[in-house]
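Residues per chain, in single letters:
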Amino acid sequence: MAGDGSKKSKVSTAPPRKINVQKFAETRASELESLHSIVSNRLNNNFRSQRNKRRRTTAYDNQAAKKRHRKRRNLGLPGKANDDLASGSENKEPRKVPRRVRRRIELKKNTEFGFATSGDGTRRLRTHVWHAKRFTMTKLWGFHLPLGVHGRGRGSRALLKWYRDGAVVHDASYHTAVQLEGPEESLISILNMVLVPSPSAQSRDIAESILTGVIYGTAMLHHAGAPVSQPIAPVNYMWRPSCLRDRENGNTEHSSGGCNETQISDACSSHRQLWVWIHASAFSEGYDALKFACQKQMNESGILINCLSLEGQLAKLEVMGSKASELLQKTLHPFSCNSDNSWQLRNCSVLEVDGDSELKKSIFQSENISPCSVLSLAVKDPRSLPVNIADIPKPTPTSVLNNFPEDEANEHDASTVNFGNGEKDPHPLHSEPERSNSAPDNRNLWDASSRVIPPLEENVLCWERHHLHLDFIHLDGRKSRTPNASTKVEGSTSCPILLLKNSNGLDSLMGWSVILPLSWVRVFWIPFVSKGAHAIGLREKRWIACEVGMPQFPSDFPDCNAHLSFMVNEGAALEHKVEQLPPSVRPLKVPMPLLWNSVRLTLDKGSTVAQDPQISGRKDNIDVNSLPSSENGDCAITAATGHCNSFDGFVGRTSSILIDFLSEINADHLLLFPHIPNKKTRLLELMKDESILRKGQCSVHQITSNRRLCFIRVLLHAYKEGFIEEGAVVCALGPSDLSLWISRSENNEGGLQISQSSVGSYFKEQSSSKWELWIPQDPVVRESHRWPIGFVTTGFVRGSKKLLAEAFCEAVLLAQLREEQWSGMPVKQRRKEIYVLVRNLRSSAYRLALATVVLEQEEEDVLFL
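Residues numbered from 1 in each chain as written. Predicted model: local features only at pLDDT ≥ 70, side-chain atom pairs only at ≥ 80, totals over all residues. Heavy atoms only, no water.

The name given to the chain in an unreviewed UniProt entry is ribonucleases p/mrp protein subunit POP1, with Salix viminalis as the source organism.

Structure below.
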């Protein structure tokens, strides 16, 4: 009895792994007969399917099988049909694979480097197939890029709600990094030649943080030469941490006590590495400028400096929104974190935490991470099977219920690999070191020029999931579980990435940039989307940039050649679209690109001309040598719409540049305040100071000798009503315009308007495809004519709760407007914003708007999205 009791205790209640169908049927014969009788009684012994429920099948025809064999023959795959036809087709030429099949095979490839290209050489992103099914695609800057979701370009309200309450993701792999290698002093000299603001102009703390790789820097890339040289594009640049390089080279000196100051200085003076990220629209121009600067530095110092492009090696995914950190915490499972950020101890040790939750909680807490931080991580493959399979019950197999010998059951248990937490991994395809999740790949993302192990193929992971499912439902699939010996599986389950914390200092921009190898983009894209992130295109990204008050390249950088090329292409596409419409419904044609040169006419005519329309038509106030005249005798200024840059001036993007410009033209007395330390509070105090209005007042024409125009970026808010569109003209107010809008009189219902005939003649197109600003001679028309001081580059977003537009206005004219407005109103009614008039080019109504100068709020205006 004792023996019988011990045997019964070994019996498990788990279902058997194998079932003998014949024995099962003999044992349950009575139950099966009773079930058959019940079913036959219900169907009246008629087991034929009802005619109304019959569906036609292809069982009678083998067309599907023929089609499958035909595909295998076209692709040249081995098969019985191909073997039979091999002898008869030896002398025939191989049949060309159809384009549809070739394209599908090409798009499924996940090569280690480079982009897939179409027939005309246009590159495709790694997420091209995913975007092409859901987005309107466009050809821009040599890429097939997602423009936006299908439709008429609406949906901004839903998008901004996703941004405020969730997360959005954008594939920005069209950005390319340029790698500079050489001594630190030489690299700093190169950056000082081409970057504005230069690293030497930064504060000591910020410059040290950028140099050690703690944070990344943002600046405008210029051609090497004069300080006012032609700008190319805004760039992000980052240094490789020196202590990280020493650790990867095998130096174990810092493992015990960290890096002291002497060791850090020695490492910094050694060979350094630097990345400069450039937008695709200006990559060729920026890359040539960096190579020219490197060559110039090598000629002066005689030291070798490497400048190479990392195109097709690295990718960038931008995750934005209030829940961007939560999304990264769900998707990224880091092994370790290599960083020298201010919220960590400044040592060179690798941060290792036993649990993923503690590590992710310390990394993705936004309040603990400073803006522009750079975090180096090694994360697990998000497609990998979850390690916590403890919730799945795994019964102990026995020889009694599984109907196979006990030694075979022990052999099956021995074939599984232990996870390390008490569970076993039934994946004999990889050895234990390869499948172990405790040791990441030692390669760093900074070594992207060398080989980075690509991820496992999707079919391998599907094969593993399938057999894990078979083990869960206790089905034996060991015959197909071992692949062929010739099959060689290569891939990694860990990926090195860089996390960049994006912020504009106002907490309105919330997001991260994930830099990773190009072959790993698909691996992370699908988990981001499946975990709640909404994918966006270029149009939606611009909406977010306008919502947070940041410029987007190249749309909001009128002084760059990339902006001119972009606007010329947009104008050509819009003109082609308009030509397809009937003449009766075609909209009014407007200049594109914008006529920035027309602002010079307002500046040259002086403050009295710009403000008094009664004398605006006098030809004696116009410099006829510099301004051409139209055929009807009206004065006009022309601007070409071709490929030459019509932007006559420069954009002041730092406080120091604007201060130097005002000093150069002897206009320090102008009411622009880029030099005040505490800008937001000090500006309110300066509005109440009456002495600043009496310091060196002079008219505009006394300080506007032959010089370049200086434009500064402003943010526009509608005063009461109105919708500002892209391309709208910003005009100076007349003497009585401000009182007309501020007063609540009944006569101001319609506001200031121009005649419908003047709408189309404000900017006139000449026969030579050039546009000119038309100055009216009719006194009635002159009363409503207002002079341009700038243009709007980004209009209102319709779904936004705070309507905001971005414009560039001439600095001297803005200061003159502020001086006239402050001197004509009481102190209590003064505002730090400047009143301006804005008119959409296809509208006849002027709208009053408030312009906020960005450089009076921030020290620099170089951040971009």
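Visitor: Is there a simple way to think about the confidence of the model for the chain in this case?
Guide: It should be kept in mind that the predicted coordinates are not to be read in detail where pLDDT is low. Looking at the chain as a whole, the pLDDT averages 76, with 68% of positions reaching at least 70. Every residue in residues 387-439 is under pLDDT 50, and counting partners more than four places away or in other chains gives 77 contacts. In this model residues 607-633 is a low-confidence stretch, pLDDT under 50, and it forms 48 contacts with partners more than four residues away in sequence or in other chains. (pLDDT = per-residue confidence, 0-100. Contact = heavy atoms within 4.5 Å.)

Visitor: What is the right way to look at unusual backbone geometry in this model?
Guide: Of note, the amide linkage connecting Val-196 to Pro-197 takes the cis form, showing an omega dihedral of 0°. Of note, the amide linkage connecting Met-592 to Pro-593 takes the cis form, showing an omega dihedral of 10°. Assignment of secondary structure puts Pro-593 in the loop between helix 22 (561-579) and helix 23 (598-604). With a phi close to 65°, Cys-372 is a non-glycine residue in the positive phi region. With respect to the helices and strands, Cys-372 occurs in the loop between helix 15 (356-363) and strand 14 (374-380). (Helix = DSSP H or I, 4+ residues; strand = E, 2+ residues; numbered from the N terminus.)

Visitor: How do you make sense of the packing of aromatic side chains when you look at a structure like this?
Guide: Within this structure, the stated rule accounts for 18 aromatic pairs. Here the aromatic rings of Trp-275 and Trp-277 are separated by 6.4 Å at their centres, their planes lie at 85°, and the arrangement is edge-to-face. Relative accessible area serves as the criterion here: at 0%, Trp-275 is assigned to the buried category. Using a relative accessible area of 2% as the deciding quantity, one classes Trp-277 as buried. Seen from their ring centres, Tyr-762 and Phe-763 are 5.0 Å apart, and the 80° between their planes marks the pair as edge-to-face. The exposure classification of Tyr-762 matches that of Phe-763, with both residues buried. Among the aromatic residues, those joined into a ring-pair cluster are Trp-596, Phe-711, Tyr-762, Phe-763 and Phe-791. Taking NZ or CZ as reference, Arg-798 lies 4.5 Å from the ring centre of Phe-723, over its face. Above the face of the Tyr-846 ring, Arg-839 is positioned so that its terminal group lies 5.9 Å from the ring centre. (Phe/Tyr/Trp six-rings, centres within 6.5 Å; stacked < 30°, edge-to-face > 60°. Buried < 20%, exposed > 50% of the residue type's maximum accessible area, 1.4 Å probe, protein only. Lys NZ or Arg CZ within 6 Å of the ring centre and 35° of its normal.)

Visitor: Sorry, what's going on with the pattern of salt bridges here?
Guide: Opposite charge on two side chains lets them pair, provided their charged atoms get close. Enumeration according to the criterion identifies 21 salt bridges in this entry. Taking the shortest distance from any N to any O, the salt bridge between Lys-139 and Asp-120 comes out at 2.5 Å. One end of the pair, Lys-139, is in strand 3 (residues 135-140); the other, Asp-120, is in the loop between strand 1 (116-117) and strand 2 (123-124), and 19 residues separate them in sequence. What makes Asp-120 partly exposed here is its relative accessible area of 49%. Close ionic contact of Glu-318 with Lys-541 constitutes a salt bridge, the shortest N to O distance being 3.2 Å. (Salt bridge = Lys/Arg side-chain N within 4 Å of Asp/Glu carboxyl O.)

Visitor: Could you clarify how one ought to interpret the sheet that holds strand 6 (residues 176-183) in this entry?
Guide: In a beta sheet, neighbouring strands pair by backbone hydrogen bonds and run either parallel or antiparallel. Pairing in this open sheet of six strands is antiparallel, and the strands run 7-8-9-10-6-11 from one edge to the other. Edge strands, defined here as strands with exactly one partner in the open sheet, are strand 7 (195-196) and strand 11 (306-309). Bridging between strand 8 (residues 217-222) and strand 9 (residues 231-239) involves six bridges; their strand directions are antiparallel. Bridged to Ala-219 within strand 9 is Val-235. (Pairing = 2+ DSSP bridges.)

Visitor: Could you clarify how one ought to interpret a nonpolar patch on the surface in this entry?
Guide: A contiguous nonpolar surface patch, about 280 Å² in accessible area, is contributed by Leu-32, Leu-35 and Ile-38. Its location among the elements puts Leu-35 in helix 3 (residues 29-43). (Patch = residues over 30% accessible without salt bridge, like charges linked within 9 Å, V, L, I, M, F, W, Y side chains within 5 Å. Areas by Shrake-Rupley, 256 points an atom, 1.4 Å probe, with all protein chains shown as cover.)

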